[in-house]
Amino acid sequence: MTTNDAFSIQNPINKKKLYEISESSNQQIEQAYNTARRMQAVVKNMPMKKRVEEILKINDYVIAHREEIITRIVEETGKSRFDALSSEILEVCDTIDHFKKVAPEILKDKKVHTPIVLMGKKSKVVFEPLGTILIITPWNYPFYQMLLPSISAFLSGNVSIIKPSEITPLKGLIEKIIEESGFLKDAVQVIYGGKETGKILIDAKPDKIHFTGSVATGKKIMEQAAKQLTPVDLELGGKDPAVVFEDVNIERTANGLLWGSFTNCGQSCTSIERVYIQESIYDELVSKLSYNICKLKLSDENRNYFEAGDCDMGCMTSEAQTQIVEAHILDAVQKGAKILAGGKRKPGSLHFPPTLITDVNHTMKIVTEETFGPILPVMKFKTEKEAIQLANDSPYGLSASVWSKDLERAERVAKSIAAGNVSINNCMLTEANPALPFGGIKNSGFGRLKGEWGLLSFVNIKSIIIDKQSSIIEPHWYPHTKNKYGLLTSLIVFLFSRSKKLVKFALVGMKLEKVGAKEKIK
Ligand code: NAD
């Protein structure tokens, strides 16, 4: 199939057209896979030390060209420069810094225990690359979402093909970084286009798909991948709860909640999307939130990426997402919610003000569906039990935050919330630590990126057991005789009864070995 649908990429800050991309052709995709498969052997056979050196070239380039990269990110996403620096540049460099230290140890061959019944053998686990990883990314953190999985895949010995979002493709940026940094050519390729390109890329049988995006697309990708049993990791949406107990420091917690809801203009899979406040501090905390929200410095059509990072919030990235935000607000207001701040954008603009909403409940979309905008809906709870029940009343399970001075209680609640990640007295912090695995449960997907588990998700974990080449015939091999059956029974009983009789086990074991050697297939 060849399709030439064009996607117009615009700057959401001023709505100026930047450039166009089209769906890629079958031929371009075939060529990319041919190149990838040729490079697979090169990367697979590259010593780990050399892989780390390659990744460091990317790091050095990103550090040296950070402002230029930030400008590209900001002009396609509309996020503030500060958000681009703190979430995209910092996270990429911090993850590289972590992996350069730990990847060689994580991916080296590991000896494992061999049980006594397999005496004389040796066991090990080795980690082998899968081959070509297809990475399909969304529009909200375009730079980080392209680089993180491709760096992890490369360190694990794979090559990758990235299909960025057709809304924020950052066209040419990754290629430029690869070329100018001197990173191994063709080990990471980028193929542009929309969902049609994504489908053809999946049909071309990558060895694994790492997908980040919406639940609806995740289900389609899994269905298509299932036809050829291609493994998938799905990093999907979220509706993160924040549970705030009455013993918190109000000023700090209010600031944390505001940042957790409005960073990246609320367009983060781990944004705080619903807040539960214990009733005794509800009024005080809501009034602090209302007061502080007014002090936030917002971008507008004339200000933002020209400024040197002194803007708290950027704008929404797309008209379509902004309309979802508006529909959720309308649904809530129609059902009795009150808007304490924000709530409306200037007509025609993608600059949406930070919005505080009260009197909301679990019948409203703003509490049950992913809003993905700068909206902070707050609710009350009485008891710990009720807070847990409300937090878990969601089809999503990406991350959550728990706020309390009582760390024992906070940890207990963190363990009771059904999510892949929980921050205590902070928010969106688990993903800031590259040693922690990141991923969700329930509708938020499965699979893990970052940490040891993130690297292991791109390898074949191969088990190897080594026996000596000798003349011994194993007692469990044929022929199976009554004599051997009796001896094997005694051996199992002596070894696995609660009071182990190791001497008896050894005697029976020796006898069984002898019988095994004697009783041959006739
Ligand atoms: P989306 O699902 O619309 O698109 C994501 C990517 O999938 C794009 O590149 C798109 O072109 C591609 N695509 C769409 N249909 C496809 C198909 N049938 N086959 C192959 N590829 C296809 O998501 P989006 O709107 O770009 O991103 C927002 C969503 O991403 C939100 O739900 C957000 O929560 C989620 N997200 C999750 C994480 C996470 O780590 N869990 C991180 C960021 C964003």
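Above this text is the structure in question.
Procedures and definitions
Residues numbered from 1 in each chain as written. Predicted model: local features only at pLDDT ≥ 70, side-chain atom pairs only at ≥ 80, totals over all residues. Heavy atoms only, no water. Helix = DSSP H or I, 4+ residues; strand = E, 2+ residues; numbered from the N terminus. Polar contact = N/O pair within 3.5 Å; in protein donor to acceptor, adjacent residues only side chain to side chain. Contact = heavy atoms within 4.5 Å. 1 Å grid on protein atoms, 1.4 Å probe; cavity = no way out; pocket = protein on both sides within 12 Å on 5 of 7 lines; lining within 4 Å. Points joined across faces, edges and corners; volume = space filled by probe spheres on them. Nonpolar A, V, L, I, M, F, W, Y, C, P; charged D, E, K, R; others polar. Core = buried A, V, L, I, M, F, W, Y, C linked by side-chain atoms within 4.5 Å. Buried < 20%, exposed > 50% of the residue type's maximum accessible area, 1.4 Å probe, protein only. Domains from an automatic or database assignment. Patch = residues over 30% accessible without salt bridge, like charges linked within 9 Å, V, L, I, M, F, W, Y side chains within 5 Å. Areas by Shrake-Rupley, 256 points an atom, 1.4 Å probe, with all protein chains shown as cover. Salt bridge = Lys/Arg side-chain N within 4 Å of Asp/Glu carboxyl O. Near = heavy atom within 4 Å. Sits in = over half its atoms within 2 Å of the grid points.

As a further point, take the side chain of Ser 271. Relative to the elements of secondary structure, Ser 271 occurs in the loop between helix 9 (250-262) and strand 11 (272-278). Looking at Ser 271, its side chain comes within polar contact range of the main-chain oxygen of Ser 268, at 3.1 Å. When sequence neighbours within four positions are dropped, the list of residues in contact with Ser 271 reads Asp 240, Gly 260, Gly 266 and Met 428.

As a further point, take the layout of surface pockets. Approximately 1,000 Å³ is the volume found for the largest pocket. Taken together, 35 residues line the largest pocket, and the ones lying closest to its centre are Trp 139, Phe 211, Gly 213, Ser 214 and Thr 217. Of all the elements, helix 8 (residues 215-226) adds the most residues to the lining of the largest pocket, at 6 residues. Counted by class, the lining of the largest pocket contains 16 nonpolar, 12 polar and 7 charged residues.

Residues Phe 143 and Leu 155 are the most contacted members of the largest nonpolar core, which totals 80 residues. When residues of this core are assigned to their parent elements, the largest contribution, 9 residues, is made by helix 5 (residues 142-155). The residues that make up this core include at least three from each of domain 1 (6-236 + 453-462) and domain 2 (240-433). Apart from the residues lying within four places of it in its own chain, the contact partners of Leu 155 are Met 48, Arg 51, Val 52, Ile 55, Phe 99, Ala 103, Leu 107 and Leu 455.

Together, Ile 116, Val 117, Leu 118, Met 119, Ile 465, Leu 488, Ile 492, Phe 496 and Leu 502 make up an exposed nonpolar region whose accessible area comes to about 830 Å². The element that contributes the greatest number of residues to the nonpolar patch is helix 16 (residues 482-496), accounting for 3 residues. Assignment of secondary structure puts Leu 502 in helix 17 (residues 502-518).

This paragraph deals with the site of the ligand. Within the structure, the ligand sits among 29 residues, and Lys 163, Glu 166, Ser 214, Leu 236 and Glu 370 are positioned closest to it. In this structure, an oxygen atom belonging to the ligand sits 2.8 Å away from a main-chain N or O atom of Thr 137. If the ligand stood free it would expose 850 Å²; the protein chains cover 90% of that surface. Taking a 2 Å distance to the grid points as the criterion, the majority of the atoms of the ligand fall inside the largest pocket. At the level of secondary structure, the elements contributing two or more residues to the shell around the ligand comprise helix 7 (195-203), strand 8 (208-212) and helix 8. Counting residues per element, the shell around the ligand draws most heavily on helix 7, which supplies 4 residues. Taken together, the residues that form the shell around the ligand break down as 12 nonpolar, 11 polar and 6 charged.

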